[in-house]
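Descriptive structure summary
Residue strings, one per chain:
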Amino acid sequence: MVDSMAIHEYTARDIQVLEGLEPVRRRPGMYIGSTDERGLHHLVYEIVDNSIDEAMAGSASRVDVTIFSDGRVQVSDNGRGIPVDVHEQAGVSGLELVMTRLHAGGKFGGGGYKVSGGLHGVGASVVNALSDEMWVEVRRDGKVYRQEYRRGTPLGPVAVVGTVGPEITGTATQWLADRSIFSAIEYDFETLAERFREIAYLVKNVWIRFEDQRHDREISFYFEGGIVSFVRNAARERGPIHRTVASIERTINDVQVEAALQYTDGYSTLELSFANCINTGDGGTHLTGFRSALTRALNDYARKQKALKDEDANLTGEDVREGMVAVISVKLPEPQFEGQTKAKLGNAEVKGIVETAVADGLTQFLEEHPQEARRIVEKCLTAARAREAARRARELVIRKGALESSTLPGKLADCTERDPSNAEIYIVEGDSAGGSAKQGRDRRFQAILPLRGKILNVEKARPEKMLAHEEIRALITALGVGFGDSVDLARLRYHRVIIMTDADVDGAHIRTLLLTFFFRYMPQIIENGHLHIAQPPLYRAQNGKEAVYLFSDKEKDTYLAGHKSAAATLQRYKGLGEMNPDQLWTTTMDPQHRTMLCVTIADATAADQLFTRLMGDEVEPRRKFIQSHAAQVRNLDV
Ligand code: 0RA
């Protein structure tokens, strides 16, 4: 082979001769894995792969597969046709060699093909050896050549059995698997169709038509976009966050690299890798190269755009893969498949090749698609933030084993009731309100946990900072359920958890902080209806000897309209602390008279967005939101 890039006159000489077929019939498992349904399907893949190889070489555009009612299978293509000229060394035709000698084929000679899809490359001869009957017809040079076989042995030499127009070329193969070898001759339509669909994605512009005459079913696959179509289809139902699929196509040192990717708003990653159309479920050097290129290209781009600041750490592999749907497909001359299931690509040189190709191609994509690039980088940054928050939260748990301890916080005024289903806890803003609540409560079943206003000092109220907060830790210990992954509702010490804050902006802020905390770290408390918001009155008016409590401005206006003289006595509560213990009990804590809002997660997604908005880095929208919503406490529904 002087120059394999040059147009190559392929003759039978190029086919290397290795050995006869007896070993295949003696130990079929060695060649096709097993003699059950899997092995049977393997025969089909073996023959189809040969036609697909011809398509990958650019010489065939369609492959037809038919299963007949009697169990025969036929595969035909419109490629160049298997060479039929006589192989000098062996003295028989190329076709006969391919069909009767193990490991004989153009793939091994390094001549006809650069790329081959056959998994083990065992080829058509193995199918022949394991078939009761088989025939092959080759159309080329205006002639139809045919040879027939019984259990791998030719019935006669290759013969010319007809003529066709000189433009008609191709190979058709039909076989009937040997019933003395296979446990049953039952092909599964779905299994085969799925494989053909996969191939059609991986080899663009090839038509694969599949007909099952046993059940009168037929399906055709053709994907003009190749793996780009694959990615678009897989991303569609996961919610893509950008329109154009990123696609990369480069050939370096005879290795053809194709990759396509799209990000979705989900968290899971779908990453499929293929080598010569074989699904490499265990990854390998191509996947490793792809991943490092992805991480590198996105970090470089994010730094260049200043989305990542100098002081920021790099995005990790996990950050850049979250929500991604990607297909990486390489085609190379001599793939090495490793591992138990041969599902891992081993060729060391492929890693660097894929890395270069993907880093180049992706960088180009990002530069040419600034809108997609912005969304992708934003998505990765969000993933990085979440990862960092989770890490700090974990560290905190380890550092402060105290959270798990059984020592209740000192500031908790507990109740005497020990049955959680009868007990409630008020989380009260401020020491003075806490004092009133402690005095006003029914200590038999009501516990009070005062929280200092210090919680407000947490300017950027990020969840992990909340966990660092002593008040929040007191809350966790008092509730007893743990938090995050380790929440155990059975350990909840009070079945009613009641947030009681002032009806002003600060109160709204603290309430939001607490809701965020519960939503992120103990959502089960909300989901199971344990979390409530107390409803203290806004006004008190005197009607003769009787005190009237008004819970909203609307209530106040209505009341004053009907009781003109009461206006003079109207008192506005600026905080819970202004109420004496009796008043607090009567208006807000007495189960006979109080009203409470039960916090529900009506729409967890919407809630999360609300929290993100409220708790995000940007202070201004948060302040605005709290101010404009502070008055609507009564409608608060998380
Ligand atoms: C070796 C060389 C050439 C074609 C093929 C094999 C070939 C094999 C199969 C198996 C199924 N369909 C096929 N189509 C082609 C190239 C022959 C030439 O140079 O004309």
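Residues numbered from 1 in each chain as written. Predicted model: local features only at pLDDT ≥ 70, side-chain atom pairs only at ≥ 80, totals over all residues. Heavy atoms only, no water.

Comments concerning the overall build of the chain
- Across its full length, the chain holds 21 helices and 24 strands.
- A burial count over the chain gives 52% of its 638 residues as buried.
- Pairs at least 24 apart in sequence give 69% of the contacts found in the chain among residues at least 6 apart.
- With an accessible surface of roughly 29400 Å², the chain has 48% of that area assigned to carbon and sulfur atoms. (Helix = DSSP H or I, 4+ residues; strand = E, 2+ residues; numbered from the N terminus. Buried < 20%, exposed > 50% of the residue type's maximum accessible area, 1.4 Å probe, protein only. Contact = heavy atoms within 4.5 Å. Areas by Shrake-Rupley, 256 points an atom, 1.4 Å probe, with all protein chains shown as cover.)

Observations regarding the environment of Glu37
- Here Glu37 shows up in helix H3 (residues 37-56).
- Given a relative accessible area of 40%, Glu37 falls into the partly exposed group.
- Considering only alpha carbons, one finds Glu37 and Ala184, 147 residues apart in sequence, at a separation of 7.3 Å.
- Not counting the four nearest positions on each side in its chain, Glu37 is found in contact with Glu186 and Asp188.

Quick notes on helix H15 (residues 470-479)
- The buried count for H15 comes to nine of 10 residues, which makes it a mostly enclosed element.
- Among the residues of H15, Glu471, Ile472, Arg473, Ala474, Leu475, Ile476, Thr477, Ala478 and Leu479 are the ones counted as buried.

Remarks on unusual backbone geometry
- Even without being glycine, Asp216 reaches a positive phi, approximately 60 degrees.
- Along the chain, the position of Asp216 falls in the loop between strand S8 (207-212) and strand S9 (217-221).
- Non-glycine residue Asn276 carries a positive phi angle of around 50 degrees.
- When you line up the elements, Asn276 lands in the loop between strand S12 (270-275) and strand S13 (278-279).

Points about the confidence of the model for the chain
- When pLDDT is averaged across the chain, the result is 86; 84% of the residues are at 70 or more.
- Confidence drops under a pLDDT of 50 for residues 457-461, and excluding neighbours within four residues, the segment shows 10 contacts in the predicted structure. (pLDDT = per-residue confidence, 0-100.)

As for the sheet that holds strand S18 (residues 446-451)
- The sheet built from five strands is open, its strands ordered S18-S17-S19-S20-S24 with mixed pairing. Single-partner strands in this sheet number two, and they are S18 and strand S24 (596-598). Averaged over all neighbouring strand pairs, the angle between strand axes comes to 25 degrees, with direction disregarded.
- Pairing analysis gives three bridges linking strand S20 (residues 531-534) to S24, with the strands arranged antiparallel. Residue pairing across strands places Ile533 opposite Leu597, the latter belonging to S24. (Pairing = 2+ DSSP bridges. Axes fitted to C-alpha atoms, helices over the stretch in contact; angles between N-to-C directions.)

A word on the packing of aromatic side chains
- A full pass over the atoms with the stated rule returns seven aromatic pairs.
- Between Tyr201 and Phe223 the ring centres are 3.7 Å apart and the planes differ by 5 degrees, which places this aromatic pair in the stacked class. Separated by 22 residues along the polypeptide, Tyr201 in helix H7 (residues 189-202) and Phe223 in the loop between S9 and helix H8 (227-236) bring together distant segments of the chain. The pair formed by Tyr201 and Phe223 is uniform in burial state, with each residue classed as buried.
- By way of ring pairs, the aromatic residues Phe189, Phe196 and Phe210 are connected into one cluster.
- The ring of Trp135 carries Arg146 above its face, with NZ or CZ at 4.5 Å from the centroid.
- Sitting over the ring of Tyr267, Lys379 keeps its end group 5.4 Å from the ring centre. (Phe/Tyr/Trp six-rings, centres within 6.5 Å; stacked < 30°, edge-to-face > 60°. Lys NZ or Arg CZ within 6 Å of the ring centre and 35° of its normal.)

Digging into the pairing of strand S2 (residues 72-77)
- Burial analysis of S2 places five of its six residues in the buried class, the great majority of the element.
- Direction of pairing for strand S1 (residues 62-67) relative to S2: antiparallel, over a ladder of five bridges. Bridging from a neighbouring strand, Ile67 pairs with Val73 of S2.
- Here S1 folds back onto S2, and the loop between the two strands holds four residues, one of which, Gly71, carries a positive phi near 95 degrees.
- Summarising the sheet, S2 and strand S7 (residues 170-177) pair through six bridges and their orientation is antiparallel. Bridging from a neighbouring strand, Val75 pairs with Thr173 of S7.

Quick word on the side chain of Thr501
- Residue placement: Thr501 occurs in the loop between strand S19 (496-500) and helix H16 (505-521).
- At 3.4 Å, the side chain of Thr501 forms a polar contact with the backbone oxygen of Gly507.
- At a separation of 3.4 Å, a polar atom in the side chain of Thr501 contacts the side chain of Arg511.
- Ignoring any residue separated from it by four or fewer positions in sequence, one finds Thr501 in contact with Glu429, Gly507, Ile510, Arg511, Pro536 and Leu576. (Polar contact = N/O pair within 3.5 Å; in protein donor to acceptor, adjacent residues only side chain to side chain.)

Notes on the sheet that holds strand S22 (residues 546-550)
- Taken in spatial order, the three strands make up an open sheet running S22-S21-S23, and their pairing is antiparallel. The outermost strands of the open sheet, each flanked by one partner alone, are S22 and strand S23 (571-572).

Remarks on the side chain of Gln262
- Within the element layout of this structure, Gln262 appears in strand S11 (residues 255-263).
- Leave out the neighbours within four places in its chain, and Gln262 touches Val231, Arg232, Ala235, Pro240, His242, Arg243, Val245, Gly323, Met324 and Val325.

Let's talk about the pattern of salt bridges
- Across all of its chains, the model carries 37 salt bridges by this definition.
- Between Asp49 and Arg195 there is a salt bridge, with its nearest N and O atoms 3.9 Å apart. A residue pair is termed long-range when its members are at least 10 positions apart, and Asp49 in helix H3 and Arg195 in helix H7 qualify at 146 residues.
- On the basis of relative accessible area, Asp49 is assigned to the buried category, the value being 6%.
- The network of salt bridges with common partners includes Arg62, Asp64, Arg209, Glu211 and Glu218. (Salt bridge = Lys/Arg side-chain N within 4 Å of Asp/Glu carboxyl O.)

Points about the pairing of S11
- In terms of burial, S11 is largely enclosed, as eight of its nine residues are buried.
- Judged from the seven bridges that link them, strand S10 (residues 246-252) and S11 form a sheet pairing that is antiparallel. Along S11, the bridge assignment pairs Ala246 with Leu261.
- In textbook terms, the turn of a hairpin is the stretch between consecutive antiparallel strands, and for S10 and S11 this stretch comprises two residues, one of which, Asn253, has a positive phi near 50 degrees.
- Relative to strand S14 (residues 324-331), S11 runs antiparallel, the two sharing eight bridges. By the bridge assignment, Leu261 is partnered in S14 with Ala326.

A few points about the packing of H3 against H7
- Running from amino to carboxyl end, H3 crosses H7 at an angle of 25 degrees, the nearest separation of the two axes being 11 Å. Of the possible angle classes, the one that applies to H3 and H7 is roughly parallel. Note that H3 runs across H7; the crossing there is right-handed. Note on element contacts: H7 touches H3 through Thr191, Leu192, Arg195, Phe196 and Ile199, opposite His41, Val44, Tyr45, Val48, Asp49 and Ile52.
- In the contact of H3 with H7, the residues fall into seven nonpolar, two polar and two charged. (Parallel < 35°, antiparallel > 145°, perpendicular 65-115°, else oblique. Left-handed = near helix turned anticlockwise from the far one by under 90°. Nonpolar A, V, L, I, M, F, W, Y, C, P; charged D, E, K, R; others polar.)

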